[in-house]
Amino acid sequence: MKNQKTNILIYGLLKTGSSALVDLLREYDNLSVVPGEFDDYRAPGLIADQLTNHQNGFPNLIQSIFNFNGKLGLIYKVFPIFNPKEIINGGLQNRFLKAKLRLKRIKLMQDLNHQLLLTPGIEQKIDITKTWIKDIGDIYSTGKHSIVYNQPIEIVNEIKIWRKVFHPFKLIVVYRDPKDQLADIIKFGYLYGAYNGPYMTLSGVTLESIYGRNRDGAINFHIDAINKRFKWIDILKNKLDPEEFLLVDFEGLVNNYEKYKLVIENFLGVIKSGNEIHRSFFNPDNAKKSLGIYDEYLSEKDIRLLSESEKWYKFTKKNNVKFINKYANPNEFE
């Protein structure tokens, strides 16, 4: 594909600060950010699950997005009639524009789904999906150098497939001190979210059958998930080319903002932003308030349970310094 934009993929491990990096990238005039988290590819039953060789793969749920309830939800986001304050603060015109672009995305996904159902070969399906990604980029980034996708992939999505779909891409993964990460999960009310209370759901019952319905159980499954994602990062480091993959620790981004900003710029190869919007979307001084907060939310037992996570974090941060320095001072590595 000629003149294809670079797809910048931002991935965070749940409350690790990846949204801060997305906000930082909003400062660049030659970049465009797709609104919200990019579930169209990664979510269960959507595009990624249609590109697998597994005979017993996840069922196709794409059509459910186009039913009456799905469209009604989109209309409500544009015209939140039960919350007039949202219209005033959000700007009706801006909401209308976003909804218009979202409708274009829905049409593209509808067309893609139709093509995927008619296409037997996996490689052909990947090629069709790659064109779909390019078309989404064209919607949001006319005349732009690159397009930013927030959370476009998950650890269950096959690496060898999504790296073809999003090619050419640059992946930045944001990680964080797991103690503060777990503390933020608690602070923002995510600790019990997967139980789906006060309703009985299949996912909630399954979860509590394994971990129990209490704080200890919730802490344990979040820690298990954190460790699983850490192992996935190690897999990425082995499977992706160095110029495709960058690890950024949230603490470094906050405490050494100018250096890390330079690192990100050199890794992405983008034109630097103007000073007039510098720190307009992400201010590291404000983010410092979210560092070292674990004492407020975690018990000594919680911290002990995080020992494996903490060990991985310290080891990875120490070994990642050489890559940070490489992009901070690229001339020294030529």
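Notes on the structure in this doc start here. Everything numeric in this text was worked out from a predicted model, so none of it was measured.

What counts and how
- Residues numbered from 1 in each chain as written.
- Predicted model: local features only at pLDDT ≥ 70, side-chain atom pairs only at ≥ 80, totals over all residues.
- Heavy atoms only, no water.
- Salt bridge = Lys/Arg side-chain N within 4 Å of Asp/Glu carboxyl O.
- Buried < 20%, exposed > 50% of the residue type's maximum accessible area, 1.4 Å probe, protein only.
- Helix = DSSP H or I, 4+ residues; strand = E, 2+ residues; numbered from the N terminus.
- Core = buried A, V, L, I, M, F, W, Y, C linked by side-chain atoms within 4.5 Å.
- Contact = heavy atoms within 4.5 Å.
- Expected span 1.5 Å × (residues − 1).
- Polar contact = N/O pair within 3.5 Å; in protein donor to acceptor, adjacent residues only side chain to side chain.
- Axes fitted to C-alpha atoms, helices over the stretch in contact; angles between N-to-C directions.
- Parallel < 35°, antiparallel > 145°, perpendicular 65-115°, else oblique.
- Bend = angle between axes of the 7 residues up to and from the residue.
- Phe/Tyr/Trp six-rings, centres within 6.5 Å; stacked < 30°, edge-to-face > 60°.
- Lys NZ or Arg CZ within 6 Å of the ring centre and 35° of its normal.
- Pairing = 2+ DSSP bridges.

**Regarding the pattern of salt bridges**
And step 1. Throughout the structure, instances matching the rule amount to 22 salt bridges.
And step 2. The shortest N-O distance in the salt bridge between Asp177 and Lys179 comes to 3.1 Å.
And step 3. The class for Asp177 is buried, based on a relative accessible area of 11%.
And step 4. Lys179 gets classed as buried once you look at its relative accessible area, which sits at 9%.
And step 5. Among the salt bridges present, the one from Arg215 reaches Asp302, with a minimum N-O distance of 2.9 Å. Of the two residues, Arg215 sits in helix H10 (residues 215-239) while Asp302 sits in helix H14 (residues 300-305), which places them 87 residues apart along the sequence.
And step 6. Asp302 sits in the buried class, given a relative accessible area of 1%.
And step 7. Salt bridges sharing partners connect three or more residues here, namely Glu37, Asp39, Arg42 and Glu154.

**What to know about the nonpolar core**
And step 1. Membership of the largest hydrophobic core comes to 47 residues, with the highest contact counts inside it found for Tyr41, Trp162, Phe166 and Leu171.
And step 2. By residue number, the principal contributor to this core is helix H6 (residues 122-140), which donates 7 residues.
And step 3. The residues touching Phe166, leaving out its near neighbours within four places in the chain, are Asn7, Leu9, Phe38, Tyr41, Ile133, Pro152 and Ile153.
And step 4. With 30 residues, the next largest nonpolar core counts Tyr28, Leu31, Val254 and Val263 among its residues.

**Section: H10**
And step 1. Its 25 residues give H10 an end-to-end C-alpha distance of 36 Å, which sits within 8% of 36 Å, the value for a rise of 1.5 Å per residue.
And step 2. A side-chain oxygen of the first residue of H10 lies 3.3 Å from the backbone nitrogen of Asp216; this N-cap is Asn214.

**Quick notes on the packing of helix H1 (residues 18-25) against helix H12 (residues 257-268)**
And step 1. At a closest axis distance of 12 Å, the pairing of H1 and H12 adopts a crossing angle of 70 degrees. With respect to their mutual orientation, H1 and H12 come out roughly perpendicular. In this structure, H1 uses Leu21, Leu24 and Leu25 to contact H12, whose residues at the interface are Tyr257, Lys261, Ile264 and Leu268.

**Points about the environment of Lys179**
And step 1. Tracing the sequence through the fold places Lys179 in helix H8 (residues 178-187).
And step 2. For the pair Lys179 and Ser307, spaced 128 residues apart in sequence, the C-alpha separation works out to 9.5 Å.
And step 3. Contacts of Lys179, omitting those with residues within four sequence positions, involve Tyr294, Leu298, Ile303, Leu306 and Glu310.

**Focus: helix H15 (residues 307-328)**
Residue pairs spaced three or four apart in an α-helix point in one direction, given the helix's 3.6 residues per turn.
And step 1. The first and last C-alpha atoms of H15 sit 31 Å apart over 22 residues, in line with the 32 Å expected at 1.5 Å per residue.
And step 2. Asn320 marks the point of greatest bend in H15, at about 35 degrees.
And step 3. Residues of H15 that are buried include every one of Ser309, Glu310, Trp312, Tyr313, Thr316, Asn320, Ile324, Tyr327 and Ala328, and no others.
And step 4. Buried residues in H15 make contact with strand E4 (169-175), H8, H10, strand E5 (245-249), helix H11 (250-255) and H12.

**What to know about the packing of aromatic side chains**
And step 1. Enumeration over the complete set of coordinates arrives at 15 aromatic pairs.
And step 2. When the ring of Phe230 is compared with that of Trp312, the centres are 3.9 Å apart and the planes differ by 10 degrees; the resulting orientation is stacked. With Phe230 in helix H10 and Trp312 in helix H15, this pair connects stretches of sequence that are 82 residues apart.
And step 3. The interplanar angle of 85 degrees and the centroid separation of 5.4 Å between the aromatic rings of Phe267 and Tyr327 together place this pair among those described as edge-to-face. Highlighted residues: Phe267 in helix H12 and Tyr327 in helix H15, separated in sequence by 60 residues.
And step 4. One aromatic cluster is present, formed by Phe38, Tyr41, Trp132, Tyr149 and Phe166 through successive ring pairs.
And step 5. The cationic tip of Lys15 hangs over the ring face of Phe188; the distance from NZ or CZ to the ring centre is 3.6 Å.
And step 6. When the ring centre of Phe267 is taken as origin, the NZ or CZ atom of Lys170, which lies over that ring, is 4.9 Å away.

**Some points on the pairing of E4**
And step 1. Of all 7 residues in E4, 7 are buried; the element is thus mostly enclosed.
And step 2. Of the two faces of E4, the one lined by Phe169, Leu171, Val173 and Tyr175 and the one lined by Lys170, Ile172 and Val174 are each fully buried.
And step 3. As paired elements, strand E1 (residues 6-12) and E4 share 6 bridges and run parallel to each other. Residue Asn7 lies in a different strand from E4, and its bridge partner there is Phe169.

Keep in mind that these numbers describe shape and distance, not what the molecule does.
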